[in-house]
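Here are the chains, one letter per residue:
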There are 2 protein chains.
Amino acid sequence: MKQAIVVRTDIGMGTGKLAAQASHASLKAYENSHTASQSDWKADGQKKIVLAVASEREIHELAEQARREGLPNAVISDAGYTQLEPGTVTALAVGPGEENLVDRVTGDLSLV
Amino acid sequence: MKQAIVVRTDIGMGTGKLAAQASHASLKAYENSHTASQSDWKADGQKKIVLAVASEREIHELAEQARREGLPNAVISDAGYTQLEPGTVTALAVGPGEENLVDRVTGDLSLV
């Protein structure tokens, strides 16, 4: 079991901002997942990987692929108080889910 | 309501590693919190800030202060598969909790 967190690297987020957006995505996708998946993932050590995309379009395409695979997912938009325009899409989380399913969606992406 | 995520900046974590450790801390402290706090925090937009410390000692001291304030908290150690020695303490999350209480613990720290 794992969760992939996908962040945009094309919008100039600082390290802390990026980490906060990743945390939002992780928690929201977790809350969208089934209790059984949550338990299995915790038993596996809550594996998380953080991956990069360079456009909003990729975030939406990956979210659509996650939905097709039946994986929990969450797209995050920033409220825009700092750094970014309000509503800017910043991050996506896919899973927790079976590693092979998550890899079908995010397996081609590079680590941040 | 807010949650403060505190990460070590003295151990050379890359951006993705730091974001993953922050996400671990955020989720674990969330799970240690009461349902009422979770609901109030969500209603407030799940505010998260990411702050820096430069030692493991500070992580433990801040966790102890959070416990004294009755705030949910979680200290994260890395499994050590990549980048770090196994068991390295990487991050702490404090809250969700009332902003003034969280600030009593982490209000003197700088943003990452």
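Structure report, in brief. Bear in mind that the values here come from a model prediction, so they are computed numbers and not experimental data.

Some details on the overall build of chain A
- Regarding its fold elements, chain A presents 4 helices and 5 strands.
- Reading chain A from its N end, one meets helices and strands in the order β-α-α-β-α-β-β-α-β.
- Relative to a compact globule of 112 residues, whose C-alpha radius of gyration would be 13 Å, chain A shows 13 Å and is just as compact.
- Dimensions along the principal axes, computed over C-alpha positions, put chain A at roughly 35 × 20 × 20 Å.
- Partitioning the contacts of chain A with sequence separation of at least 6, the portion at a separation of at least 24 is 73%.
- Within the structure as shown, chain A displays about 5000 Å² of accessible surface, and the carbon and sulfur contribution to it stands at 45%.
- Both charge centroids of chain A, one from 11 positive and one from 15 negative side chains, sit 2 Å from each other.

A few points about the sheet that holds strand S5 (residues 110-111) of chain B
All names here are of chain B.
- Ordered by their spatial adjacency, 5 strands build an open sheet running S3-S4-S1-S2-S5, and the pairing between neighbours is mixed. The two strands at the open ends of the sheet, each matched to only one other strand, are strand S3 (73-77) and S5.
- Sheet topology note: the strand S2 (residues 48-53)/S5 ladder contains 2 bridges and is antiparallel. When the bridges of S5 are listed, Ala52 appears paired with Ser110.
- Contacting strand S1 (2-8), S2, S3 and strand S4 (89-97), helix H3 (residues 56-68) runs over the sheet at an angle of about 20° to S4.

Things to note about helix H1 (residues 15-31) of chain A
- Counted at 1.5 Å a residue, the expected span for H1 of chain A with its 17 residues is 24 Å, and the 24 Å between its end C-alpha atoms agrees.
- Of all 17 residues in H1 of chain A, 14 are buried; the element is thus mostly enclosed.

Re the pattern of salt bridges
- Following the criterion strictly, the structure yields 22 salt bridges over all chains and no others.
- Where Asp78 of chain A meets Lys17 of chain A, a salt bridge forms, and the shortest distance between an N and an O atom there is 3.0 Å. Linking Asp78 of chain A in the loop between strand S3 (73-77) and strand S4 (89-97) with Lys17 of chain A in helix H1, this pair joins segments that are 61 residues apart in sequence.
- With a closest N to O distance of 2.7 Å, Glu31 of chain B and Lys42 of chain A form a salt bridge. In this pair, Glu31 of chain B is assigned in helix H1 (residues 15-31) and Lys42 of chain A in helix H2 (residues 35-43), connecting two distinct chains.
- Residues joined by salt bridges that share partners form a network here, namely Lys2, Lys47, Glu99 and Asp103 of chain A.

Observations regarding the relation of the copies chain A and chain B
- Rotating chain A by 180° and translating it 0.0 Å along the rotation axis places it on chain B, where the RMSD comes to 0.0 Å. A rotation of that kind, with that shift, is consistent with a two-fold axis.
- Most of the interface of chain A is mirrored in chain B, where 100% of its interface residues again form contacts.

A look at helix H2 (residues 35-43) of chain B
- If you check which residues of H2 of chain B are buried, you get Ser37, Gln38 and Trp41 of chain B. Buried positions in H2 of chain B, seen along its axis, are confined to an arc of 100° and lie on one side of it. Of the residues in H2 of chain B, the exposed ones pointing more than 90 degrees away from the buried face are Thr35, Ala36 and Ala43 of chain B.
- Elements that come into contact with the buried residues of H2 of chain B comprise H1 of chain A together with S1, H1, S2 and S4 of chain B.

Quick look at the packing of aromatic side chains
All names here are of chain A.
- Going through the model one piece at a time under the given rule, you end up with 2 aromatic pairs over all chains.
- Summarising the aromatic geometry, the rings of Tyr30 and Trp41 are spaced 5.8 Å apart at their centres and angled 45° between planes, so their arrangement reads as tilted. Here Tyr30, found in helix H1, pairs with Trp41, found in helix H2; they are 11 residues apart in sequence, far enough to count as distant. We note that Tyr30, like Trp41, is buried.

Description of the environment of Ile49 of chain A
Residues and elements named next belong to chain A.
- Looking at the secondary structure, you find Ile49 in strand S2 (residues 48-53).
- For the pair Ile49 and Thr88, spaced 39 residues apart in sequence, the C-alpha separation works out to 22 Å.
- Not counting residues within four places of it along the chain, the set of residues in contact with Ile49 comprises Lys2, Gln3, Ala4 and Ile5.

Observations concerning the interface of chain A and chain B
- At the junction of the two partners, chain A supplies 20 residues and chain B supplies 20 residues.
- For the chain A and chain B pair, buried surface summed over both sides reaches about 1600 Å², with 65% attributable to carbon and sulfur atoms.
- Where chain A touches chain B, the interface holds 2 salt bridges.
- Counting across the chain A and chain B interface gives 6 residue pairs in polar contact (both at pLDDT 80 or more).
- Mapped by element, the contributors of at least two residues to the side of chain A that touches chain B are H1, H2 and S2 of chain A.
- Looking at which element gives the most residues to the side of chain A that touches chain B, the answer is H1 of chain A, with 12 residues.

Calculation notes
- Residues numbered from 1 in each chain as written.
- Chains lettered and ligands numbered in written order.
- Predicted model: local features only at pLDDT ≥ 70, side-chain atom pairs only at ≥ 80, totals over all residues.
- Heavy atoms only, no water.
- Helix = DSSP H or I, 4+ residues; strand = E, 2+ residues; numbered from the N terminus.
- Rg over C-alpha atoms; globule rule 2.2 N^0.38 Å.
- Contact = heavy atoms within 4.5 Å.
- Areas by Shrake-Rupley, 256 points an atom, 1.4 Å probe, with all protein chains shown as cover.
- Lys, Arg positive; Asp, Glu negative; His and termini not counted.
- Charge placed at Lys NZ, Arg CZ, Asp CG, Glu CD.
- Pairing = 2+ DSSP bridges.
- Axes fitted to C-alpha atoms, helices over the stretch in contact; angles between N-to-C directions.
- Expected span 1.5 Å × (residues − 1).
- Buried < 20%, exposed > 50% of the residue type's maximum accessible area, 1.4 Å probe, protein only.
- Salt bridge = Lys/Arg side-chain N within 4 Å of Asp/Glu carboxyl O.
- Least-squares fit on C-alpha atoms with pLDDT ≥ 70 in both.
- Arc of directions from axis to C-beta.
- Phe/Tyr/Trp six-rings, centres within 6.5 Å; stacked < 30°, edge-to-face > 60°.
- Buried area = accessible area lost by both parts, 1.4 Å probe.
- Polar contact = N/O pair within 3.5 Å; in protein donor to acceptor, adjacent residues only side chain to side chain.

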